[in-house]
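# Chain and residue survey
Below, each chain spelled out in residue letters.
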Amino acid sequence: MEVEPQETFLDVLKNRLKIKSVHRGCEEGECGACTVLLNGRPVCSCLILSPQVDGGEVLTLEGLNQNGEFHPLLTAFMENYAIQCGYCTPGMVMTAYYLLHHLTDFSDESIRKGLEGNLCRCTGYINILKAIKAAKKEKDSGCWW
Amino acid sequence: MSFFIGSRTIPEVEYHRPKELAAALVLLRELKGGYKLIAGGTDLIPAIRRGALSPDFSHWVDLRSIKELDYIRQEDSLICIGAVTRLADIEASPIIRKDVPHLAEAVGQIGSLQIRSQGTIGGNLSNASPAADTAPPLLTLEAKILLKSIDRQRVVPLDQFFLGPGKTVLSVGEILAEIQIPIPRAEEKYCFLKLGRRNAFTLAIVSVATRLKIQNGVFQGVRIALGAVAPVPIRVPKAEGFLTGQRVGEPTITNGARIASDEVQPISDVRASAAYRKDMSYVLTRRAILSCMTPKPAQP
């Protein structure tokens, strides 16, 4: 695909690739609503110029819904009422997915630190923490993909 | 299209992505200025959106793909960090966590996970905010910066690199290539403390890094650097000179912290008043020195 450098990665995901899950929030890298995994790392797509993504691998929320089946992390979010308006959710889930594969400490303090780039105005984060801890249990018991 | 009032669009300029340092330096000479160096973009893009960076350049030169600038290495007596190394990699590096843990601590408090996954140490230093979090620890380590252009390279001590808020000695055609840290001795103690308006993802109102040894109950080799309290990140030599050679105890520590708070020259801005910054310089310096005295568990 040919892109213009002044299009951000977020612009390409939403406008060109029509990916619905990635949300436009602050466009300044502060809110995390546009978070996707780029080459396995959580990034704010609003801060990346589209040519910088060339040759990279991207994971969005759609990738956690395969063949109509929800990823256990998504199920944990739903079952623990970690979603209200849903605007922060895709970014929050992508960061949570990264944390579940990279954190060694799953205390509240550690998870909160990992989520510092994802703002939520609705939930107060309580159920998001519950969902992540529930997902960790699922992952540890092998119910994961 | 952007829907936010006051959110400027990214300017339509030419984009270059050299894969090698040599090619980048040739390009910079050809462009003769009128370019903006970009790597993570985590400072540049928000600045453009806020209108703080005027779009008066006609080329992006993206350094992100120059793999030869992305490394953390131990070379003899130096730890060398390539300028394009991501902050997340520095925070996680076993070399950094073991030998200069306050740098890992400071980097871990920059922005958020997403910012650290993209942002680079070269960017943090080149942006030259007086509040740059990598600066106070690097100043206590007496780090040096390697600058390269097509004609020459030069090594500049970090305390001579910053000229003022947003200004460095980097000249047209030059890039910041490497940060060089003399490896400290094993018995030194370190601390980094940052005060912001909130717990996470916050610019520093005051930050402090300390590095010192305690030998036979006496402070030795005390180095203290502060951020966000002067036009550039600074050391406080009077406080350092006072503490070095003194017996560990009170009122020495309190007096040393007082001297540090007299040396700083903060301004009042949107985040805090000058008076508050002076007070907090005292508080954080004192806490940082005390923290250096308590044994810490080894970093995992």
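Bear in mind that the values here come from a model prediction, so they are computed numbers and not experimental data. (Residues numbered from 1 in each chain as written. Chains lettered and ligands numbered in written order. Predicted model: local features only at pLDDT ≥ 70, side-chain atom pairs only at ≥ 80, totals over all residues.)

## Considering the overall build of chain A
Tallying secondary structure elements over chain A gives five helices and five strands in all. In chain A, the succession of α and β elements from N to C terminus is α-β-β-β-β-β-α-α-α-α. In terms of overall size, chain A behaves like a compact globule, its C-alpha atoms giving a radius of gyration of 15 Å where 145 residues would be expected to give roughly 15 Å. C-alpha atoms of chain A, sized along the principal axes, occupy 45 × 30 × 25 Å. The burial tally for chain A puts 46% of its 145 residues in the buried class. (Helix = DSSP H or I, 4+ residues; strand = E, 2+ residues; numbered from the N terminus. Rg over C-alpha atoms; globule rule 2.2 N^0.38 Å. Buried ≥ 20, exposed ≤ 12 C-beta atoms within 10 Å, placed from the backbone.)

## So, the overall build of chain B
Summing up its helical and strand segments, chain B has 12 helices and 14 strands in all. In summary, chain B has a C-alpha radius of gyration of 20 Å against a globular reference of 19 Å for 300 residues, a match within 12%. Structurally, chain B occupies a C-alpha span of about 60 × 45 × 35 Å along its principal axes. For chain B, with 300 residues in total, the buried portion stands at 49%. Considering only contacts in chain B between residues 6 or more positions apart, those separated by 24 or more positions represent 65%. (Contact = placed C-beta atoms within 7 Å.)

## Some points on the packing of helix H3 (residues 89-102) of chain A against helix H5 (residues 126-140) of chain A
All names here are of chain A. Where H3 contacts H5, the two axes come as close as 11 Å, and the packing angle between them is 40°. The orientation of H3 relative to H5 falls into the category oblique. Judged by the sense of rotation from one axis to the other, the crossing of H3 with H5 is right-handed. Within the contact between the two elements, H3 uses Met 92, Ala 96, Leu 99 and Leu 100 and H5 uses Ile 128, Ile 132, Ala 135, Lys 136 and Lys 139. (Axes fitted to C-alpha atoms, helices over the stretch in contact; angles between N-to-C directions. Parallel < 35°, antiparallel > 145°, perpendicular 65-115°, else oblique. Left-handed = near helix turned anticlockwise from the far one by under 90°.)

## Considerations on the domain arrangement of chain B
When cut into domains, chain B gives domain 1 (14-61), domain 2 (68-182) and domain 3 (190-293). The C-alpha centroid of domain 3 of chain B is placed 35 Å from the C-alpha centroid of domain 1 of chain B. (Domains from an automatic or database assignment.)

## A look at the domain arrangement of chain A
Residue and element names in this part refer to chain A. Per the domain assignment, the segments making up chain A are domain 1 (9-62) and domain 2 (63-140). Domain 1 and domain 2 are separated by 18 Å when their C-alpha centres are compared. Counting residues at the interface gives 15 residues for domain 1, matched by 14 residues for domain 2. Split by residue class, the side of domain 1 that touches domain 2 holds nine nonpolar, five polar and one charged. (Nonpolar A, V, L, I, M, F, W, Y, C, P; charged D, E, K, R; others polar.)

## Points about helix H12 (residues 274-293) of chain B
Residues and elements named next belong to chain B. With 20 residues, H12 ought to run about 28 Å at 1.5 Å a step, and its terminal C-alpha atoms sit 29 Å apart, in line with that. Among all positions of H12, only Arg 277, Met 280, Ser 281, Leu 284, Thr 285, Arg 286, Ala 288, Ile 289 and Cys 292 are buried. The inward-facing, buried residues of H12 contact strand E11 (189-195), strand E12 (206-215), strand E13 (218-227) and helix H11 (252-263). (Expected span 1.5 Å × (residues − 1).)

## With respect to the packing of helix H2 (residues 72-79) of chain A against H3(A)
All names here are of chain A. Axis separation between H2 and H3 bottoms out at 10 Å; the angle between their running directions is 125°. For the element pair H2 / H3, the angle class is oblique. Where H2 crosses over H3, the two elements pack in a sense that is right-handed. Within the contact between the two elements, H2 uses Leu 73, Leu 74 and Phe 77 and H3 uses Thr 89, Val 93, Ala 96, Tyr 97 and Leu 100. Looking at the contact of H2 with H3, its residues break down into seven nonpolar, one polar and no charged.

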